[in-house]
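In case you want the letters, here they are:
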Amino acid sequence: MESLGLLVGHLVGDYILQNDWMASNKTNPLCRNVAYDHSSKTTPFRAEMMGHLACTVHCLLYTLAVWACSFWWMPWWGLLVCFVTHWPIDRFRLARFWMMRVSGQQAFATGPLSPWSIIIVDNVAHILTLFVIGCVHFYC
């Protein structure tokens, strides 16, 4: 039952509670990757801060969803790990980085199955984190 709660919390947090603003802004590029456009009011600093804010709001809602589905057993440190690992995975597109630079899945990440292949790898990273939290809590 605990594992199902973690899975449901993950799905609710990553899909039901994440709105368009969070999804489209949580990976806004960092300062060094954004050119200043004089025709818009978006500066590199503002784009970076918007990305940080969108990702933080998403990760807070995600962690709240995981807690709501596992509050009867989830320790405080598990929620902290949940948030702290979710933030960089989403903010810096670590699933895509993993596929392109580590696992040798460039064609899988950019081919006809993209972006769904990246979404699946991202989900596996989040679910693996929740699995480790559950294992540490119940078996240590």
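Being a predicted model, the structure only gives us computed values, none of them experimental.

Thresholds applied
Along each chain, residues carry numbers from 1 onward, in the same order as the chain's sequence is written. This being a predicted model, a pLDDT of at least 70 is required before a residue's local features are given, and a value of 80 or more before pairs of side-chain atoms are given or counted; all residues contribute to the totals for chains, interfaces and linings. Note that water and hydrogens are dropped before the side-chain values are worked out from all heavy atoms of the structure. The pairing test for Phe, Tyr and Trp rings, Trp by its six-membered ring, is centres within 6.5 Å, and the orientation test on the planes gives stacked under 30 degrees, edge-to-face over 60, and tilted for anything in between. Each residue is assigned to one of three classes by its accessible area relative to the maximum for its type, calculated with a 1.4 Å probe on protein chains only: buried under 20%, partly exposed between the two thresholds, exposed over 50%. The distinction between a cavity and a pocket rests on a 1 Å grid over the protein atoms alone: a 1.4 Å probe fits inside a cavity but cannot get out, while a pocket stays open yet meets protein on both sides within 12 Å along at least five of seven lines, and a residue with an atom within 4 Å of a point counts as lining. Grid points are joined across faces, edges and corners, and a volume is the space filled by probe spheres set on the points. A helix here means a DSSP run of H or I that spans at least four residues, while a strand means a run of E at least two residues long, and both kinds are numbered starting from the N terminus. Helix axes are fitted only over the stretch in contact, all axes being lines through C-alpha atoms; the angle between N-to-C directions runs from 0 to 180 degrees. When describing relative orientation, an angle under 35 degrees is termed roughly parallel and one over 145 degrees roughly antiparallel, while 65 to 115 degrees is termed roughly perpendicular and anything else oblique. Each crossing gets its handedness from the near helix: less than a right angle anticlockwise from the far helix is left-handed, clockwise is right-handed. Contacts are assigned to residue pairs that have any heavy atoms within 4.5 Å of one another. Any residue outside Ala, Val, Leu, Ile, Met, Phe, Trp, Tyr, Cys, Pro, Asp, Glu, Lys and Arg is labelled polar, Gly included; the first ten of those are nonpolar and the last four are charged.

(A) Fine view of the packing of aromatic side chains. Tallied over the entire structure, the rule returns 4 aromatic pairs. Seen in terms of ring centroids, Trp67 and Phe71 are 5.7 Å apart; in terms of plane orientation they differ by 45°. Their pairing is tilted. With a relative accessible area of 48%, Phe71 lands in the partly exposed category. Geometrically, the ring pair formed by Trp87 and Phe92 is edge-to-face, given 5.7 Å between the ring centres and 75° between the ring planes. One aromatic cluster is present, formed by Trp67, Phe71 and Trp72 through successive ring pairs.

(B) Seen up close, the layout of surface pockets. Its boundaries defined by the atoms lining it, the largest pocket holds a volume of some 400 Å³. Mapped by element, the contributors of at least two residues to the lining of the largest pocket are α1 (2-16), α4 (76-91), α5 (94-102) and α7 (116-139). For the lining of the largest pocket, the element with the most residues is α7, which contributes 5 residues.

(C) Region of the structure containing unusual backbone geometry. With an omega of 5°, the peptide bond running from Ser114 to Pro115 counts as cis. Looking at where Pro115 falls in the secondary structure, it is placed in the loop between α6 (106-110) and α7. Even without glycine at this site, Arg93 takes up a positive phi of about 50°.

(D) View of the packing of α5 against α7. Interhelical geometry of α5 versus α7 gives an angle of 110° and a closest axis separation of 8 Å. When the interaxial angle is binned, α5 and α7 end up roughly perpendicular. Here the hand of the crossing between α5 and α7 comes out right-handed. From α5, Ala95, Arg96, Trp98 and Met99 reach across to α7, where they touch Ser117, Ile118, Val121 and Asp122. Class assignment for the residues of the contact of α5 with α7 results in 5 nonpolar, 1 polar and 2 charged.

(E) Up close: empty space enclosed by the protein. According to the stated counting rule, one finds 1 cavity of 30 Å³ or more in the structure shown. Roughly 30 Å³ of volume is contained in the largest cavity. Lining of the largest cavity is provided by Tyr62, Cys82, Thr85, His86, His126, Thr129 and Leu130. Every element with two or more residues in the lining of the largest cavity is listed here: α4 and α7. The residue inventory of the lining of the largest cavity, partitioned by class, reads 3 nonpolar, 4 polar and no charged.

(F) Quick look at the packing of α4 against α7. It is the contact of α4 with α7, at a shortest axis distance of 10 Å, that shows an interaxial angle of 160°. With respect to each other, α4 and α7 are oriented roughly antiparallel. For the pair α4 and α7, the crossing hand works out as right-handed. Here Trp77, Gly78, Val81, Cys82, Thr85, His86, Ile89 and Asp90 of α4 come into contact with α7, specifically with Asp122, Ala125, His126, Thr129, Leu130, Ile133, Val136 and His137. In terms of residue class, the contact of α4 with α7 is made up of 8 nonpolar, 6 polar and 2 charged.

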